[in-house]
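Geometric and topological summary
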Amino acid sequence: MRGLTFAVAGHVDHGKTALTRALTGVDTDRLAEEKRRGLTIEPGFAPLMLEHAVVGLVDDPGHERFLPNLLAASGGVDAVLLTVAADEGPMPQTWEHLEVLTCLGVERGVVVLTKIDLLPPGELEARTAALAKAFRGSILEGAPICPVSARTGAGLTALRTVLEALADGCPARRKDRPFRLPVDRAFAVDGFGPVITGTVWDGTLRVGESLRLWPGETMARVRGLQRHGQPVETVSAGERAALNLSGVEVGTLRRGMTAAPAGSLRLTGRLDAFVTVWDRSPRPLTAGTPLRLYCGSGSVTARAFPLEGAELLPGREGYVQLRLGEAAAIRPMDRFVLRFLTPAATAGGGIALDLDPSRRRRGESCADLEELRAGGLPALARRLLGRAERPLDEKALAGRLGVSSSEVGEILSRLPGVRAVGALWIGEETLAGLREKARQAISDFHAAHPLASGMGREELRRILPDGVAELLARDGMLCLSGPTAALPGFVPAWPPQLLPVRERLAVLYDGFGLAPPENGAVEARFGRDLPLARQAGRRMEEEGELIPYAPRRRIARQACARAEAILEGLFAEREQITLAQFRDAAGISRDAALLLLEYWDKAGLTRRTGNTRILLRGP
C-alpha cells in the first residue's frame with residue numbers, strides 16, 4: 001500500500017483533533033498541558049487506513065503562537081484537510097494555514113466543514129455555498145466540501161470516500177532519490193536509545209544504513225525503523241517514520257535537523273529564490289528585511305533583497321536573494337515559508353532556485369532565474385554544467401541536484417546543450433571556453449614551432465580534461481595524430497630562417513656517415529642558432545630525412561641505407577654474423593657498429609643469439 005501524509009489544518013478550536021480522533025481512533029493530544037487546556041500545542045500524528053493507502057494524518061496546532069510548530073511538521077505533506085467550524089466560518093488561521101501549506105507546495109485537499117451539529121436546521125447548504133465562494137482562487141477552489149460532526153459521526157463515511165479519491169489522485173513520489181527526513185521530534189526510548197521522527201520527503205531507507213544529521217556532521221547508524229508504530233525493514237517517501245539510531249547521543253538531536261546520507265545535501269548561506277508575498281502580509285519585502293525562513297522542520301534567520309525593484313508588495317511575486325544567518329541544508333526546488341520577526345507574521349514563501357548565487361545589483365536581469373523556475377531540475381543541471389570549468393560526473397551532479405545518479409542520467413540524456421565525454425558530462429558553454437583555450441594554445445604552438453606536426457597531447461592535457469580533445473576532434477575542431485594535436489588544415493612548413501639550418505644539418509650528417517656524434521654535439525656547432533637547429537633536427541626526423549636510431553643520436557637516411565646494404569651483403573654469404581664482422585665491413589668503430597646493430601634488433605630486422613646475430617627479414 002502507498003504511504004502518504006495529509007495535514008489537518010485550520011483555525012484554533014475548529015475541530016482538528018476531534019476530526020483526527022474520529023477518523024483514526026487516535027487521540028493526538030499527548031501532552032498533559034494539551035489535555036488540560038484542550039488546545040493542541042505540538043503536532044500530533046495518527047495513521048488513517050484507506051483501501052489503497054496508509055495516510056499519516058498530521059494534526060496541526062491551530063493557535064497563531066504555535067504556527068512554527070505546524071511548519072516543523074507540515075513540510076512534505078501530500079494534501080490538506082482544511083477544517084472550518086460551521087458555527088464560525090473561515091478565521092485568520094484558516095487563511096494563514098492555507099497560505100503556508102500553499103507555499104510548501106501542497107496543491108490539493110478537501111475542505112472539512114466541522115461541527116455541523118451546531119448549525120441551525122436549514123443552514124448547511126448556505127454555509128457550504130459560502131465556503132465554495134470563499135476558496136475561489138486558492139488551491140482548494142473546486143475542492144470537495146465535506147460537512148461532518150465528530151461528535152455525532154455525521155458525514156464521516158462520506159469524508160472517508162472523498163479521502164480515498166484524494167489519496168488515489170496524489171502523484172507518486174520518487175523513491176530512488178537520496179533519502180531525506182526532516183526531524184520533527186527527537187527523544188530516547190528506554191532499552192532502545194535515541195529516536196527521531198518525521199515525514200520521509202525523498203527516497204528509501206533500510207535498517208543498517210548510515211545517515212548524517214544535517215546541518216551538523218554527526219553520523220549515525222539506523223538500528224531500527226517503525227512506520228506508524230509497527231517495526232519495518234524499510235521506509236519510503238511520503239510515509240511517517242521513526243528511526244532508532246545508534247552511534248549518537250540523544251542530547252545532540254533536535255527538531256530542525258535533517259537525516260540524509262553524507263554527500264546528498266549541501267549547506268548554503270545564500271540563495272536566489274522565487275518568492276510570493278501573501279496578499280494578507282502586513283508589509284512588503286524591502287532590501288534587508290529581517291525574516292525567518294522555514295524549510296523542512298527547521299528555520300534560520302534571513303535577510304531579503306528583492307532583485308527586480310526596491311520592494312516586493314503584498315500579493316506580488318518576484319525574485320529575491322535571501323542571505324541566511326546560518327548555513328542551512330536545502331535542496332534545489334525546495335519550498336519554504338518566510339515570516340517577519342517582529343511582530344511575528346507570515347510574509348509569504350517561495351521556491352529555492354540557485355543555492356550558489358553571485359551577488360546581484362538591483363534591477364539586473366533575472367532571465368536566468370526565470371529559466372530555472374520554468375525548467376526545474378533539467379534547467380539547473382544545464383546551468384551547473386555551464387558554470388563548471390571541467391566536465392562533471394553523474395555522482396557530482398546528483399549531489400548538487402539532490403537526485404539519484406540514475407535520475408541524473410535520465411535528465412541529461414534528454415537535455416539540449418550538454419555533451420557526454422566518456423562517463424562525464426559537459427555543458428556547451430564550458431566546452432566553448434575549453435575549445436577556445438585549446439585553439440589559442442595550439443595556434444601559438446604552431447607559430448612558435450612551424451616545423452612540428454602539432455602540440456604534444458600530454459601538453460594539451462594541461463588545458464583540456466581527459467576526453468575533451470577527442471570530443472573536439474569528432475567535431476572537426478582539431479586533428480589528433482598519434483601523440484600530437486594540430487588545428488585543421490595545418491601543414492608543417494619550413495620558414496625561411498630555418499632553410500639554411502636545414503641545409504647545413506643535411507651536409508653535416510652526410511659527412512658523419514655511419515658514425516654520427518650525439519645530437520647535442522651537432523647542435524652545439526650552431527652557437528646562437530642552437531634552438532633553430534633543434535627545431536630543424538626534429539622536423540627532419542618527422543620527414544624521415546634523419547633517423548633517430550639510438551638515444552640522442554640521428555643518422556642520415558642515405559647513410560642508414562648504406563649500412564643496411566652492408567648488412568645484407570654479409571648475410572648473403574653466411575647465416576650468422578658477429579659484431580666484429582659488421583664493424584670491419586662498415587669500417588667504423590665497435591661502438592658505432594653496436595649502435596646500428598641494436599637499432600636493427602629493436603626494429604625486428606635482426607636478432608642477437610649469444611655473440612652472433614641472425615637475419616629475421618630483408619632490409
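It should be emphasised that the depicted structure is a prediction, and the values quoted were computed from it without experimental measurement. (Residues numbered from 1 in each chain as written. Predicted model: local features only at pLDDT ≥ 70, side-chain atom pairs only at ≥ 80, totals over all residues. Heavy atoms only, no water.)

Further remarks concern the pairing of strand 2 (residues 44–49). Side chains Gly44, Ala46 and Leu48 project from strand 2 onto a buried face, and the interleaved Phe45, Pro47 and Met49 project onto a face without burial. By the bridge criterion, 6 bridges tie strand 2 to strand 3 (residues 53–59) in an arrangement that is antiparallel. Directly across from Met49, in strand 3, lies its bridge partner Val54. Once strand 2 ends, the chain turns through 3 residues before running back antiparallel as strand 3. (Buried < 20%, exposed > 50% of the residue type's maximum accessible area, 1.4 Å probe, protein only. Helix = DSSP H or I, 4+ residues; strand = E, 2+ residues; numbered from the N terminus. Pairing = 2+ DSSP bridges.)

Another point: helix 10 (residues 428–448). An ideal rise of 1.5 Å per residue puts 30 Å on 21 residues; helix 10 measures up with 30 Å between its terminal C-alpha atoms. Within helix 10, burial applies to Thr430, Leu431, Leu434, Ala438, Ala441, Ile442, Phe445 and His446. Here the buried residues of helix 10 occupy an arc of 140° about the axis, which is enough to place them on one side. (Expected span 1.5 Å × (residues − 1). Arc of directions from axis to C-beta.)

Formed by 37 residues in total, the largest nonpolar core has its most connected members in Phe582 and Leu596. When residues of this core are traced back to their parent elements, those giving at least two are helix 13 (499–512), helix 15 (530–542), strand 31 (546–550), strand 32 (553–556), helix 16 (557–573), helix 17 (579–586) and helix 18 (590–603). A total of 6 residues in this core trace back to one element, the largest contributor, which is helix 16. Discounting chain neighbours no more than four positions away, the residues touching Phe582 are Ala563, Ile566, Leu567, Leu570, Ile577, Ile588, Ala593, Leu596, Leu597 and Trp600. Counting 29 residues, the second-largest nonpolar core is a separate cluster that includes Ala7, Val80, Trp95 and Leu131. (Core = buried A, V, L, I, M, F, W, Y, C linked by side-chain atoms within 4.5 Å. Contact = heavy atoms within 4.5 Å.)

Turning our eyes to something else, we now look at the packing of helix 7 (residues 367–387) against helix 8 (residues 394–401). To characterise two packed helices, one gives the angle between the axes of the helices and the distance between these axes. At their nearest, the axes of helix 7 and helix 8 sit 11 Å apart, and the two run at 125° to each other. Between helix 7 and helix 8, the interaxial angle falls into the category oblique. Between helix 7 and helix 8 lies a crossing of right-handed hand. Across the interface between the two elements, Leu377, Leu380, Ala381, Leu384 and Leu385 from helix 7 touch Leu397, Arg400 and Leu401 from helix 8. Here the contact of helix 7 with helix 8 is built from residues that sort into 7 nonpolar, no polar and 1 charged. (Axes fitted to C-alpha atoms, helices over the stretch in contact; angles between N-to-C directions. Parallel < 35°, antiparallel > 145°, perpendicular 65-115°, else oblique. Left-handed = near helix turned anticlockwise from the far one by under 90°. Nonpolar A, V, L, I, M, F, W, Y, C, P; charged D, E, K, R; others polar.)

Strand pairing in a sheet relies on backbone hydrogen bonds. The paired strands run either parallel or antiparallel. What the 3 strands build is an open sheet, ordered 25-27-26; its pairing is antiparallel. The sheet terminates laterally at strand 25 (392–393) and strand 26 (418–421), the two strands that pair on one side only. The pairing of strand 26 with strand 27 (residues 424–427) spans 4 bridges and is antiparallel. In the strand pairing of strand 27, Val421 is matched with Leu424. Taken strand by strand, helix 7 contacts strand 25, strand 26 and strand 27, and its axis lies near 85° from that of strand 27.

This is a description of form; function is not addressed.
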